[in-house]
Amino acid sequence: MRLGVIGAGQFSADFLPLWRAHPLVEEVVVADRHPERREEFAARFGVATLPDADALLGSEVDAVAIFAQRHLHGPLAIAALEAGKHVYSAVPMGVTAEEIARIVELAGTTGLTYMMGETCHYYPGAMFCREQQRLGTFGDFVYAESQYVHDMRHGFYAAYQHSGGSDWRRVAGFPPMLYSTHTVAPVLAATGARVTSVSCLGVEDRDGDGVFGEDANLWSNPYSNQVALHRLSNGGVHRVVEFRRAGLRRPGTHIGLFLGTAATYEFAFSRHYLHRSDPDGEMHVEDVSALLNAPELEAARGRPGFDDDVGNARIEGGIASPILARRELPRELGGIPTTHRGTPPYLVDDFARAVATGALPPHHAWDAARATLPGLASHESALRGGEAVTVPDHGDPPAGSVLLESSGGEG
Ligand SMILES: NC(=O)c1ccc[n+]([C@@H]2O[C@H](COP(=O)([O-])OP(=O)(O)OC[C@H]3O[C@@H](n4cnc5c(N)ncnc54)[C@H](O)[C@@H]3O)[C@@H](O)[C@H]2O)c1
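Residues numbered from 1 in each chain as written. Predicted model: local features only at pLDDT ≥ 70, side-chain atom pairs only at ≥ 80, totals over all residues. Heavy atoms only, no water.

Enquirer: I tried to follow helix H5 (residues 97–110) on my own but got confused; where do I start?
Expert: Residues spaced three or four apart along an α-helix point in a common direction, a consequence of the helix completing one turn every 3.6 residues. A rise of 1.5 Å per residue sets the reference length of H5, with its 14 residues, at 20 Å; its end C-alpha atoms lie 20 Å apart and thus fit the reference within 8%. Of the residues one or two after H5, Gly111 is the one with positive phi, at around 75°. (Helix = DSSP H or I, 4+ residues; strand = E, 2+ residues; numbered from the N terminus. Expected span 1.5 Å × (residues − 1).)

The following block contains the structure:
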């Protein structure tokens with residue numbers, strides 16, 4: 001396929017060498033409104049460029065990959081599907097229920113591929129819970145806790161200032177729950193359930209940097225931290241934490257607890273455990289850290305300063321955990337430095353193979369909607385003081401749809 005990338009920003013740069021190298025991607029063109037970013041990408045990655053998304057959508061590309069700022073994805077995905085292009089989108093899918101409904105509708109009527117690129121789908125705890133749930137280890141699902149902690153001081157000021165100009169606070173005050181796919185998606189993928197209703201509380205920001213507060217941002221959002229309880233369609237409960245002001249860096253994005261009637265997965269700072277119960281209640285606890293942590297983290301354990309290195313995210317950046325690395329990738333993607341625990345090559349491969357085969361990738365439109373809409377409902381609930389809010393559902397993919405198979409036996 002010929003691929004058009006929308007956005008020559010910070011995250012897009014992590015994916016560019018991977019798109020260029022993938023054997024199913026023939027050509028890559030990058031669009032950005034900033035001429036200096038286009039020039040930089042052309043020089044750095046050897047790609048042709050166009051001035052904006054409209055020019056790209058009017059061009060001959062077969063597919064687009066959206067890496068624009070987080071609140072712009074929905075309208076860009078709709079325009080791309082309407083223009084007959086397959087769509088890869090960074091998270092979130094959209095920020096309004098209408099955008100999301102329209103993307104699902106277009107994915108159904110056009111048959112084009114839509115994929116929301118959720119890095120956390122391939123985070124080790126998420127993969128482990130999916131795998132063990134499929135094996136029946138947990139028994140009946142009861143409860144999960146997951147969190148995405150990303151304090152403004154840890155890269156977020158610079159990230160929003162990069163494209164926000166003097167108005168950067170208007171977008172930096174993004175309601176945390178509108179970006180809750182990192183927490184919601186892995187639990188739904190493991191359980192196969194959907195969220196039916198939510199109740200959420202917000203913590204009003206007290207920092208005084210002008211990012212959060214009434215009229216401070218595009219959403220008039222006062223909350224920097226939000227906590228939601230989700231009722232799942234399987235009868236279980238999921239507690240979701242989205243924090244942007246927290247004296248905590250790592251663990252940042254993960255499932256902390258995934259509890260069933262027969263077993264529990266637990267992640268505690270740098271260790272992953274599987275607790276299993278005998279029928280008589282005797283517990284057997286297995287440390288599964290070596291399977292779930294990057295090898296460099298395990299190798300550093302016990303060294304002076306290990307805890308601070310983990311706590312400051314100085315270990316594990318772009319290295320895949322063994323549970324992920326056992327899935328094969330096209331050899332052309334091997335050895336390309338990457339980020340986000342080594343997940344981007346797997347997302348690129350999923351999308352390229354989905355477009356080539358017509359099979360549905362992970363977080364196709366219907367699943368992406370189920371992973372994104374609970375966050376919108378949660379923010380609404382927080383604004384109403386925690387009132388329960390029903391989450392709309394767009395159902396399953398059309399009958400006869402085939403899911404993409406992954407080469408490592410893990411989907
Ligand atoms: N783990 C993850 O899944 C993860 C991690 C980081 C970022 N992200 C997401 O990736 C997206 C990009 O983040 P970023 O930090 O790279 O943003 P950024 O501000 O660095 O880059 C966005 C770029 O898109 C360009 N752009 C916007 N609208 C455009 C249009 N209509 N035509 C052409 N170019 C356009 C901007 O000019 C800018 O250069 C965000 O949605 C972010 O949430 C996801």
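Enquirer: What should I look at first to understand the packing of helix H4 (residues 73–82) against H5 in this one?
Expert: Packed helix pairs are specified by the crossing angle of their axes together with the interaxial distance, meaning the distance between the axes. It is the contact of H4 with H5, at a shortest axis distance of 9 Å, that shows an interaxial angle of 20°. Between H4 and H5, the interaxial angle falls into the category roughly parallel. Judged by the twist between their axes, the crossing of H4 over H5 is left-handed. The residues of H5 that touch H4, namely those facing Gly74, Pro75, Ala77, Ile78, Leu81 and Glu82, are Glu99, Arg102, Ile103, Leu106 and Thr110. Among the residues forming the contact of H4 with H5, the class breakdown is six nonpolar, two polar and three charged. (Axes fitted to C-alpha atoms, helices over the stretch in contact; angles between N-to-C directions. Parallel < 35°, antiparallel > 145°, perpendicular 65-115°, else oblique. Left-handed = near helix turned anticlockwise from the far one by under 90°. Contact = heavy atoms within 4.5 Å. Nonpolar A, V, L, I, M, F, W, Y, C, P; charged D, E, K, R; others polar.)

Enquirer: Sorry if this is basic, but what is going on with the confidence of the model for the chain here?
Expert: The predicted coordinates of low-pLDDT regions are not to be read in fine detail. Overall, the predicted model of the chain reaches an average pLDDT of 96, with 99% of residues at or above 70. Within the chain, helix H11 (residues 295–300) has the poorest average pLDDT of any element, 94, and strand S5 (residues 86–90) the best, 99. (pLDDT = per-residue confidence, 0-100.)

Enquirer: Would you mind showing me how to read the side chain of Ser224 here?
Expert: Tracing the chain through its elements places Ser224 in strand S9 (residues 223–232). Setting aside residues no more than four positions away along its own chain, Ser224 makes contact with Pro176, Val203, Asp205, Phe212, Glu242, Phe243, Arg244 and Arg245.

Enquirer: Explain the site of the ligand to me, please; I cannot follow it from the model alone.
Expert: Near the ligand lie 26 residues; those nearest to it are Gln10, Asp32, Arg37, His73 and Ser163. Measuring from a nitrogen atom of the ligand, one finds a side-chain N or O atom of Arg33 at 3.3 Å. Ser163 places a polar side-chain atom, nitrogen or oxygen, 2.5 Å from an oxygen atom of the ligand. Look at the ligand: alone it shows 860 Å² of surface, and the protein chains cover 92% of it. When contributions to the shell around the ligand are tallied by element, the ones reaching two or more residues are helix H1 (10–21) and helix H7 (152–164). Residue classes in the shell around the ligand are distributed as 10 nonpolar, 11 polar and five charged. Per-domain counts for the shell around the ligand show at least three residues from each of domain 1 (2–119) and domain 2 (120–323 + 366–390). (Near = heavy atom within 4 Å. Polar contact = N/O pair within 3.5 Å; in protein donor to acceptor, adjacent residues only side chain to side chain. Areas by Shrake-Rupley, 256 points an atom, 1.4 Å probe, with all protein chains shown as cover. Domains from an automatic or database assignment.)

Enquirer: Where do I start with unusual backbone geometry in this structure?
Expert: Glycine aside, the phi torsion of most residues is negative, and most peptide linkages are trans. Residue Pro92 is bonded to the preceding Val91 through a cis peptide linkage, with omega at -5°. Of note, Pro92 is situated in the loop between S5 and H5. Arg250 connects to Pro251 through a cis peptide bond whose omega is 0°. Position of Pro251 among the secondary structure elements: in the loop between strand S10 (237–243) and strand S11 (253–260). Its identity as a non-glycine residue notwithstanding, His363 has a phi of 55°, on the positive side. Secondary-structure assignment places His363 in the loop between helix H14 (344–357) and helix H15 (365–383). By relative accessible area, which is 6% here, His363 ends up buried. (Buried < 20%, exposed > 50% of the residue type's maximum accessible area, 1.4 Å probe, protein only.)

Enquirer: Honestly, the nonpolar core in this entry has me stumped. Any pointers?
Expert: Within soluble globular proteins, side chains that are nonpolar tend to cluster in buried spots. By size, the foremost hydrophobic cluster in this structure holds 112 residues, and its most contacted members are Trp19, Met93 and Tyr114. Broken down by element, this core gets its largest block of residues, nine residues, from H15. Counting residues domain by domain, this core receives three or more from each of domain 1 (2–119) and domain 2 (120–323 + 366–390). Apart from residues lying up to four places away in sequence, Met93 is in contact with His73, Gly74, Ile100, Ile103, Val104, Tyr114, Met116, Ala365, Ala368, Ala369 and Thr372. Listed in part, the five residues of the second largest apolar core include Leu297, Ala300, Phe306 and Val310. (Core = buried A, V, L, I, M, F, W, Y, C linked by side-chain atoms within 4.5 Å.)

Enquirer: Explanation requested: the pattern of salt bridges in the structure shown.
Expert: Oppositely charged side chains are able to pair whenever their charged atoms sit close together. One pass over the structure, following the stated rule, counts 25 salt bridges. Across the pair Asp209 and Arg245 runs a salt bridge whose closest N-O atoms are separated by 2.8 Å. On the criterion of sequence distance, the pair formed by Asp209 in the loop between strand S8 (195–204) and S9 and Arg245 in the loop between S10 and S11 is long-range, its members being 36 residues apart. The class for Arg245 is buried, based on a relative accessible area of 16%. By sharing partners, the salt bridges in this structure join Arg194, Arg370, Asp393 and Asp396 into a single network. (Salt bridge = Lys/Arg side-chain N within 4 Å of Asp/Glu carboxyl O.)

Enquirer: What is the right way to look at the packing of aromatic side chains in this model?
Expert: Two numbers describe a pair of aromatic rings. These are the distance of the centres and the angle of the planes. Summed over the entire model, instances satisfying the criterion amount to 19 aromatic pairs. Ring centres 4.9 Å apart and planes at 50° place the aromatic pair Phe15 and Phe67 in the tilted group. Separated by 52 residues along the polypeptide, Phe15 in helix H1 and Phe67 in the loop between strand S4 (63–66) and H4 bring together distant segments of the chain. On the basis of relative accessible area, Phe15 is assigned to the buried category, the value being 0%. In this structure Phe67 comes out as buried when scored by relative accessible area, which is 9%. Members of the aromatic cluster, each reached through a chain of ring pairs, are Phe11, Phe15, Trp19, Phe67, Tyr88 and Phe351. If you follow Arg70 out to its NZ or CZ, it ends over the ring of Tyr179, 4.1 Å from the centre. The ring of Tyr123 has Arg341 lying over it, and the distance from NZ or CZ to the ring centre is 4.6 Å. (Phe/Tyr/Trp six-rings, centres within 6.5 Å; stacked < 30°, edge-to-face > 60°. Lys NZ or Arg CZ within 6 Å of the ring centre and 35° of its normal.)

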